[in-house]
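# Fold and contact review
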Amino acid sequence: MLTNVPTWTTDRIELLKSHFEAGLTCREIAASIGVSRNAVIGKLSRLQLTRGPAPAEPRPTKAARERSRKSIPRLQYQVLQAVYENAQPLQEEPIASERRCSLYELSNERCRWPISTPGAEDFCFCGNTPVEGMPYCSGHTRLAYRPGSRQRVARG
DNA sequence: CCCTGATTCGC
DNA sequence: GCGAATCAGG
């Protein structure tokens, strides 16, 4: 295959446009033209053909993202410090959920303890590794079965 | 995990 | 200009 044949011949661009306007997904368009999905998306992008307007705030560049990765915690830290300053030693219980996950990602290997409020934008699950035979990680297993912590929800 | 569209950046 | 890699969102 030496050809200088460009990927995007005029007729392919025709197909691209018509399929796009027909509402086909990029994967479907890609399949029918015989190129990768990314190729289709890339071309559409270059043609300024997108379905929705791009996100209001464009993503910072990869470089910028990595650069600015450091400074946010200060505010959060101050807020948290204020919150905890007057707090009682409730329990020794900040259960760390380092692998919070979405509903889609729940499995037998992820703690199913819900975090935040169902339906809320930040709703997710703990995601920690559960204890053997339990739906929850060790911390949330203890919490789940502690009398009074959740008005005996877990009773028979 | 599956998927989608969108963007970046080396080629 | 191209599109794989990556990101963001469901």
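Everything quoted here is computed from the prediction, not taken from an experiment. (Residues numbered from 1 in each chain as written. Chains lettered and ligands numbered in written order. Predicted model: local features only at pLDDT ≥ 70, side-chain atom pairs only at ≥ 80, totals over all residues. Heavy atoms only, no water.)

## Re the nonpolar core
Most often, soluble globular proteins keep nonpolar side chains buried together rather than apart. Operational definition: What is meant by a nonpolar core is a set of buried Ala, Val, Leu, Ile, Met, Phe, Trp, Tyr and Cys residues, joined one to another through side-chain atoms within 4.5 Å. Only protein chains enter the accessibility calculation, which uses a 1.4 Å probe; a residue is then buried when its area is under 20% of its type maximum, exposed when over 50%, and partly exposed in between. Runs of E in the DSSP output that reach at least two residues are strands. Runs of H or I that reach at least four are helices, and both are numbered from the N terminus. Should any heavy atoms of two residues lie within 4.5 Å, those residues are counted as being in contact.
Grouped together as the largest cluster of nonpolar side chains are 11 residues: Trp8, Ile13, Leu16, Phe20, Cys26, Ile29, Ala30, Ile33, Val35, Val40 and Leu44. A per-element tally of this core places helix α2 (residues 26–33) first, with four residues. Those residues in contact with Ile13 that lie beyond four places of it in its chain are Trp8, Lys43 and Leu47. Counting residues in each nonpolar core, the second largest holds nine residues, with Trp113, Cys126, Cys137 and Leu143 among its members.

## Considering unusual backbone geometry
Trans is the common state for peptide bonds, and a negative phi is the common state for residues other than glycine. Phi at Gln48 takes a positive value of approximately 65°, unusual for a residue other than glycine. Unlike most non-glycine residues, Ser116 shows phi in positive territory, near 75°. Mapped onto the secondary structure, Ser116 falls in the loop between β1 (114–115) and β2 (124–125). Exposure remark for Ser116: the relative accessible area of 36% places this residue in the partly exposed category.

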